[in-house]
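# Topology and contacts: notes
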6 protein chains.
Amino acid sequence: MDDDLRRFVAEDVGAGDITTQAVGPDARFDGAVVARAPCVVCGLAEASAVFAELGAKVERLARDGDRVGAGAVVLRVRGPARAVLTGERLALNLLMRMSGIATATRALQDKVATRNPACRVAATRKTTPGFRRFEKRAVEVGGGDPHRAGLWDAFLVKDNHLLVDGDVKAVVARCRRLDASKLVQVEADAPEQAFEAARAGADAVLLDNFAPELARATYKRLKAEFPRVMVEVSGGVTPANVEQYADAADRISLGWLTHSAPAVDFGLDVDARAQGA
Amino acid sequence: MDDDLRRFVAEDVGAGDITTQAVGPDARFDGAVVARAPCVVCGLAEASAVFAELGAKVERLARDGDRVGAGAVVLRVRGPARAVLTGERLALNLLMRMSGIATATRALQDKVATRNPACRVAATRKTTPGFRRFEKRAVEVGGGDPHRAGLWDAFLVKDNHLLVDGDVKAVVARCRRLDASKLVQVEADAPEQAFEAARAGADAVLLDNFAPELARATYKRLKAEFPRVMVEVSGGVTPANVEQYADAADRISLGWLTHSAPAVDFGLDVDARAQGA
Amino acid sequence: MDDDLRRFVAEDVGAGDITTQAVGPDARFDGAVVARAPCVVCGLAEASAVFAELGAKVERLARDGDRVGAGAVVLRVRGPARAVLTGERLALNLLMRMSGIATATRALQDKVATRNPACRVAATRKTTPGFRRFEKRAVEVGGGDPHRAGLWDAFLVKDNHLLVDGDVKAVVARCRRLDASKLVQVEADAPEQAFEAARAGADAVLLDNFAPELARATYKRLKAEFPRVMVEVSGGVTPANVEQYADAADRISLGWLTHSAPAVDFGLDVDARAQGA
Amino acid sequence: MDDDLRRFVAEDVGAGDITTQAVGPDARFDGAVVARAPCVVCGLAEASAVFAELGAKVERLARDGDRVGAGAVVLRVRGPARAVLTGERLALNLLMRMSGIATATRALQDKVATRNPACRVAATRKTTPGFRRFEKRAVEVGGGDPHRAGLWDAFLVKDNHLLVDGDVKAVVARCRRLDASKLVQVEADAPEQAFEAARAGADAVLLDNFAPELARATYKRLKAEFPRVMVEVSGGVTPANVEQYADAADRISLGWLTHSAPAVDFGLDVDARAQGA
Amino acid sequence: MDDDLRRFVAEDVGAGDITTQAVGPDARFDGAVVARAPCVVCGLAEASAVFAELGAKVERLARDGDRVGAGAVVLRVRGPARAVLTGERLALNLLMRMSGIATATRALQDKVATRNPACRVAATRKTTPGFRRFEKRAVEVGGGDPHRAGLWDAFLVKDNHLLVDGDVKAVVARCRRLDASKLVQVEADAPEQAFEAARAGADAVLLDNFAPELARATYKRLKAEFPRVMVEVSGGVTPANVEQYADAADRISLGWLTHSAPAVDFGLDVDARAQGA
Amino acid sequence: MDDDLRRFVAEDVGAGDITTQAVGPDARFDGAVVARAPCVVCGLAEASAVFAELGAKVERLARDGDRVGAGAVVLRVRGPARAVLTGERLALNLLMRMSGIATATRALQDKVATRNPACRVAATRKTTPGFRRFEKRAVEVGGGDPHRAGLWDAFLVKDNHLLVDGDVKAVVARCRRLDASKLVQVEADAPEQAFEAARAGADAVLLDNFAPELARATYKRLKAEFPRVMVEVSGGVTPANVEQYADAADRISLGWLTHSAPAVDFGLDVDARAQGA
């Protein structure tokens, strides 16, 4: 089990699950993890790893990315109570959050794809501290683009950076010189800034807080002149207006996916089938 | 800086903030962290620690728990761009989530207090893996009760445990024998179960999924007979109906506080005052 | 193997057991771990884990908590010399200390039980830094109560705390408000303080340095008035006088168990049976 | 603060000292750490580091190795209650154990020195898992020899090793070849074995379980023939008979120092001087 | 001090520098770190951090990237012997290796620049395990391009990857889809492969094992058609032939920089000036 | 897998090998690790552990210490591309460096042995930070002596130490008193210093920067008078002159082995045999 999951287990279990110890640590418990609402399920590997680490046998009845209905059993978990009941809450917490994000991403990506199949919905860095890779993974499972992992794996020159040094051409050159193996993206508040960045050699531009129509017009002119430059829109994009940007960008990023997508409810029931056996 | 914050910095910064390095790591940046909406602010110590660790000077203009209006500057941050701009996103991510939870907790706690000042709104273990102590802290700052830290610091005998062993009296005795320094709480699906638990010596009972009226009646009868037993309600409690439970419990816990309280928007602006200087 | 045991192995083995490497790392060694004195054996899982981690096969001939006589073989250990001889000292160190504590706890608990079967002998926090959970586990195996794991899992308001704030009623209320899921215990130097604490709503009181008779009288009056309040005695309790407190408390705690219980001698002999084969 | 001390703090404080938080975390507490019995004090740096890490100011009134009387104040500790009271138990646990070992070592070393000033009392590897370096340090402070740190820093060919390969000459040669920078010591059960080892080129021999007279005779003959070979006795040495080995060895090692030296009682009192101020 | 340096100190110092402890840990030692050969110095921050962590005062007389002559004093180090002498070897090991790489990089970069100032000499991933970031940093200090930090921060589709899936167009599309924020580079064994990769949308191509003339011709044709595509040569490049590739690429990478650049000799002398004082 | 190897994997793989993920993570790849030059192979266990950790099956066709020719297949590696290709570079980096050192050590040890079979070639502490134990292991595999692991496992009193305290007799006595279980070695710049050290009771002397003839003469006189004292030469020893010291020392140490032995080229080819199958 990887270090993050191990730390999550430690966070919940600490010095030991005293209730399960008192109730009957050697009793068996055969359980079923059930989606309480329709969703794109995500987090099955993580939830399974939690139960397995604690000593339960897990059978997966779905795969990350599957659409399942309310009441669908996604995992069967068998083993000692100290494995199943001790892991219950963490496993559900992982599934709730990751499925929530995957479900929301899938919905927005599908909406966008009806107008422009090449356009990708993307995450931002507005993630929960310490939980980013799980949230980014959920965006991927939902068909979206995870975007930068952090500050180290791509250049993104934002408005505050340009306040420090406004010479876009020089800034792009310094990025390239510092590390020629990384993509260079520049944020633009107005169309002319976007053109300036593309001319300066940026690999990608980010149109920040552009209204849909202005974004669309800018996008067309940029791609006509710089077909290899990726164009992204961000800022003020919500589930309500995302569709209007579908033909205005190669990529649409929105923080909402990771900070506000609603969790999907999951629960652990007794495995009726096992009881019947 | 504590290990969690250090890990959060590492998550975002990784091998280095290459953009800031390219733009001008030695340039100064004087910024102001601004609340974009009215809220109970929370996370100021954590956000400050992030900036300080990276080398910026931080001045706090508010304290955790303060109510602030939209536009309020809560922190001034001065120093090299590589401190201020590198720490920006993580600091804001901490403030957004923690203030969101504190604001929501405060609102519900106040609502409840109008009907029963002694009743506490409480969190559950439905937290984001790895981020629990920050979420629990936000509940505290909002005036709520953080509830159990994890599986190790209090007994909570739930329905699934009673499926394993239904003899409440024996279960409570075993809890007490295993560790007499921990509080023993038992979940009840019906009034008679709650009485059985109290009689068995439980320190607290949890009325699970009781409708408000039934909860109220049960609560009164329980307290009359067992004044030292704490009574909690949980399950199906939402911001919409929380008030109805105010006189039905000593404590009302709801997962919503930590998995669905909306984030509060915060931003980093140039510190106008500093610019003017 | 858990992190603590892994660290213990590293402490002793460091960069490698050079003697065993020089003597014949591929030679076999079949050994028997033998108790050199009668005892309640404890630490078998830990000792076994050490040998197993290093590559030996371990057979357990006793279980934690068993009473064994001098000369009893508690483990058979077979495998390469580099596993058996390298693990020898650490395994014995674990058994010596843990069995020492378990044996002493068992003796005191039995002594106390003859006068009051409900009374529990308990450990304190006077443990060896870094080794507490093994010492607390040994107390459990010996039939005792491990008491608080640390400063975080129960409130214990001691004399020094009351010097800071002597208003017991207010202190208990603040404890409850800070975390209603934790047991609140208050130390008392005199009977009236114990009653004050019970009246203030404490879950438990600790009679500190009470002579046996005063403790007995106080205990009876307290339980008569507050049957749900746990009464503990501590301070000045030794193996010599512990029996006199048996009917004066629900729990008797003494630091002696973890800082002065004598170690039990264990050794590693050649497994005669294996040699004979 | 080093990693071990940090881990010890974490062991006791965990998620936080809830009692101190409830009582008044911002209250001051000026305390005095007092020896309750005459002793050679040891652990002052470690105890001070604990208090300092938690935020208290510490003044040392003694140095490790000093003999102090009952009632002697060895540290003054001033600061917020959350520093002083939270660190109290761990600081005392360190002082109790380390001073106990230093006091016992000093006593035995002095006893031995009256008959042979060149002879050293030494520790063994029979230490508490995870706490070895503190125990070895206490032996040093008491004037003793810490002996091997672990299995990696010197060869010690014991009886069980010689069961694997009984050709001492070949074993010593292999030790030397494996790592010529490490001291090679060989255990002997009888005088002729000790001579065999010295002839084989061992740097040191260990006379195991030799009666004092036999040890004395063997020692004299060995040193006459091999003046550069260190001679150590071990096995069955106790405080009661250690003196008889003083002129029978260059070094006398006994496990008793680290597994059975009695702890010295220390306490934290209110600093009367500060109160008077 | 960062974790890597801390680990390096632990590797050398372990349980303590016993020689310095024996010789006189409180003695002062004022030293001068001297280059024994002309070089581009690198590693001054790292060497200084080692001395500082151990308690010495360090004065830097040069900066990373400076060319210094044989005999040049680059650091003055003052403090207790236990700081200066204990840190000596590690500090010199860092300087020797890092300056060796920086010096070699500078020489090759200068040679290349005389023919093509825009062309960059670059490192590869043929680094010493665990020491990569120091080696990459030395390449940067020497004026070179560090290239990929690892397998996660840029796509580099190599010959073995194309054996798995030879459809370059599909592979580039999948890279883009997996993570649109990362640069996509494709290795080519022949000119037509390079063109295929550029047409497929790769951001960069790597001409592997091209003779200088073929590389030059291919480079010109590629840039003419795809001016935004970066062209790199690698494979078989040595200090002897690197110049011939200067006008055949935007970047020339060679493993030699990190696995075979000769170390520069540095030593710690007594600081004559301090002695004179 | 041990912590060092795990850290090395993390260094290269970081958040994931994105290229292999894009190309076809589930494709198989059967590879052969091939020596590109004749060598004494070393690092097979480490390279195998890397592949195995990532999920490949490894078959070893050679053992550490074997001499192999150019083109020799030393490992066959089968499994998913994400195991084989992801592990390739790290596995090769380990083999290249470790085999380079083992090959060089073997060559020098053989050269020395023709003149004096008892004389050992040895490493120094001039190793790559963080990679020492792999380099020392390679010296051992090549038949050399690894020498001190660090500053903690043997005393080595060098010229700078003698500047602090020049009384060799007193220094040796303090070493012995501090830790009698460690070898005491003293560096000498001239013959008389070596004799002084031997007389003072040093276990070993180090003749620093002695010309071969002076070393030889000193060696003979020292061994005649102090047969148990080990004599080592160091300083200015190179592959070119090492042979001349063969009969002038028990041990010859040279930093060149670990900082300048040339790496041996290794590569990963498609396993022709597997393809043919």
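Residues numbered from 1 in each chain as written. Chains lettered and ligands numbered in written order. Predicted model: local features only at pLDDT ≥ 70, side-chain atom pairs only at ≥ 80, totals over all residues. Heavy atoms only, no water.

Next up on the list: the relation of the copies chain A and chain B. Of the transformation placing chain A onto chain B, the axial shift is 0.0 Å and the rotation is 180°, giving an RMSD of 0.0 Å. Expressed as a symmetry operation, the mapping of one chain copy onto the other fits a two-fold axis. For chain A, the minimum C-alpha distance to the rotation axis belongs to Gly130(A) and amounts to 3.1 Å. Interface overlap between copies: 100% of the residues of chain A at the interface are likewise at the interface in chain B, consistent with a symmetric, same-surface contact. (Least-squares fit on C-alpha atoms with pLDDT ≥ 70 in both. Contact = heavy atoms within 4.5 Å.)

Moving on, we come to the sheet that holds strand S8 (residues 184–188) of chain E. Residue and element names in this part refer to chain E. Ordered in space as S6-S11-S10-S9-S8-S7, the 6 strands form an open sheet in which the pairing is parallel. Because the sheet does not close on itself, it has two edges, and the strands there are strand S6 (120–122) and strand S7 (155–157). Pairs of neighbouring strands in the sheet enclose a mean axial angle of 25°, with direction left out of account. (Pairing = 2+ DSSP bridges. Helix = DSSP H or I, 4+ residues; strand = E, 2+ residues; numbered from the N terminus. Axes fitted to C-alpha atoms, helices over the stretch in contact; angles between N-to-C directions.)

Below, the discussion takes up the arrangement of the chains. Considering only C-alpha positions, the minimal separation of the non-contacting chain A and chain C is 9 Å. What separates chain B from chain F at the closest point of their C-alpha atoms is a distance of 10 Å, and the two make no contact.

On to the relation of the copies chain E and chain A. The transformation that overlays chain E on chain A combines an axial shift of 0.0 Å with a rotation of 180°, and the residual RMSD is 0.0 Å. Both copies share a contact surface, since 96% of the interface residues of chain E are interface residues in chain A too.

Turning next to the packing of helix H3 (residues 44–54) of chain F against helix H4 (residues 81–115) of chain F. Residues and elements named next belong to chain F. Running from amino to carboxyl end, H3 crosses H4 at an angle of 165°, the nearest separation of the two axes being 9 Å. Regarding the angle of H3 to H4, the classification is roughly antiparallel. As for the relative orientation of H3 and H4, their crossing is right-handed in sense. Only Ala83, Val84, Thr86, Gly87, Glu88, Leu90, Ala91, Leu94, Leu95 and Met98 of H4 make contact with H3, whose side of the interface consists of Leu44, Glu46, Ala47, Val50, Phe51 and Leu54. Among the residues making up the contact of H3 with H4, the classes are represented as 12 nonpolar, 2 polar and 2 charged. (Parallel < 35°, antiparallel > 145°, perpendicular 65-115°, else oblique. Left-handed = near helix turned anticlockwise from the far one by under 90°. Nonpolar A, V, L, I, M, F, W, Y, C, P; charged D, E, K, R; others polar.)

The next point concerns the sheet that holds strand S1 (residues 28–35) of chain B. All names here are of chain B. Read from one edge of the open sheet, 4 strands run S3-S5-S1-S12, paired in antiparallel fashion. In this open sheet, the two edge strands, each paired with only one partner strand, are strand S3 (57–60) and strand S12 (266–270). Looking at each pair of strands side by side, their axes are set apart by 20° on average, direction ignored. Sheet topology places S1 next to strand S5 (residues 73–80); 7 bridges connect them, and they run antiparallel. Among the inter-strand pairings, Val33 is bridged to a residue of S5, identified as Leu75. Where helix H4 (residues 81–115) meets the sheet, it contacts S1, S5 and S12, and its direction lies at approximately 150° from that of S12.

Attention now goes to the interface of chain E and chain A. With 26 residues of chain E in contact, the opposing surface of chain A contributes 25 residues. For the pairing of chain E and chain A, the buried interface totals around 1,900 Å² over both sides, and the portion due to carbon and sulfur atoms is 40%. Three residues, Arg177(E), Ser181(E) and Arg228(E), lead the burial of chain E against chain A; their summed loss comes to 33% of the area buried on that side. Lys182(E) is the partner of Asp153(A) in a salt bridge, and the nearest nitrogen-oxygen pair spans 2.9 Å. Viewed at the interface, chain A and chain E are joined by 10 residue pairs in polar contact (both at pLDDT 80 or more). Of all elements in the fold, only helix H7 (168–178) and helix H8 (191–199) of chain E reach the threshold of two or more residues within the side of chain E that touches chain A. Of the residues in the side of chain E that touches chain A, the class split is 11 nonpolar, 4 polar and 11 charged. (Buried area = accessible area lost by both parts, 1.4 Å probe. Salt bridge = Lys/Arg side-chain N within 4 Å of Asp/Glu carboxyl O. Polar contact = N/O pair within 3.5 Å; in protein donor to acceptor, adjacent residues only side chain to side chain.)

Taken together, the contacts link 61 residues of chain A with 61 residues of chain B. In total, chain A and chain B occlude about 5,100 Å² of area from one another, counting both sides; carbon and sulfur atoms represent 61% of this. Considering only the side of chain A, the residues that lose the most area to chain B are Glu11(A), Pro129(A) and Leu151(A), jointly responsible for 14% of the buried surface there. Put simply, Arg125(A) and Asp12(B) hold a salt bridge, and the shortest N to O gap is 2.7 Å. The tally of links between chain A and chain B comes to 31 residue pairs in polar contact (both at pLDDT 80 or more). For the side of chain A that touches chain B, the element with the highest residue contribution is helix H4 (residues 81–115) of chain A, accounting for 10 residues. In the side of chain A that touches chain B, the residues fall into 30 nonpolar, 16 polar and 15 charged.

A few words on the pattern of salt bridges. Applying the stated criterion to the full structure yields 133 salt bridges over all chains. Here Asp271(C) and Arg78(C) are joined by a salt bridge, their closest N and O atoms 3.1 Å apart. Taken as a pair, Asp271(C) in the loop between strand S12 (266–270) and helix H11 (272–276) and Arg78(C) in strand S5 (residues 73–80) lie far apart in primary sequence, 193 residues in all. In this structure, Asp110(D) engages Arg67(D) in a salt bridge whose closest nitrogen and oxygen atoms are separated by 2.8 Å. Of this pair, Asp110(D) sits in helix H4 (residues 81–115) while Arg67(D) sits in strand S4 (residues 67–68), placing them 43 residues apart in sequence. Judged by relative accessible area, Arg67(D) falls into the exposed class, the value being 59%. The network of salt bridges with shared partners includes Asp2(A), Asp4(A), Arg7(A) and Arg133(A). (Buried < 20%, exposed > 50% of the residue type's maximum accessible area, 1.4 Å probe, protein only.)

Turning our attention to the side chain of Gln185(E). All names here are of chain E. Tracing the backbone shows Gln185 in strand S8. Overall, Gln185 belongs to the buried group, its relative accessible area being 2%. With residues up to four places along the chain from it excluded, the contact list for Gln185 reads His147, Phe155, Leu156, Val157, Ala204, Val205, Leu206, Glu232 and Arg251.

Moving on to unusual backbone geometry. Residues and elements named next belong to chain C. For Asn209, which is not glycine, the phi torsion reads 60° and is therefore positive. Here Asn209 lies in the loop between strand S9 (204–208) and helix H9 (212–225). Among the residues examined, Asn209 registers a relative accessible area of 54% and is labelled exposed.

This part takes up helix H8 (residues 191–199) of chain F. Residue and element names in this part refer to chain F. Listed in full, the buried residues belonging to H8 are Pro191, Ala194, Phe195, Ala197 and Ala198. End-on, the buried residues of H8 take up no more than an arc of 160°, which puts them together on one face. The outward face of H8, more than 90 degrees from its buried face, is lined by the exposed residues Glu192 and Arg199. Tucked inside the fold, the buried residues of H8 contact helix H7 (168–178), strand S8 (184–188), strand S9 (204–208) and helix H9 (212–225). Gly201 sits one or two positions beyond H8 and adopts a positive phi of about 100°. (Arc of directions from axis to C-beta.)

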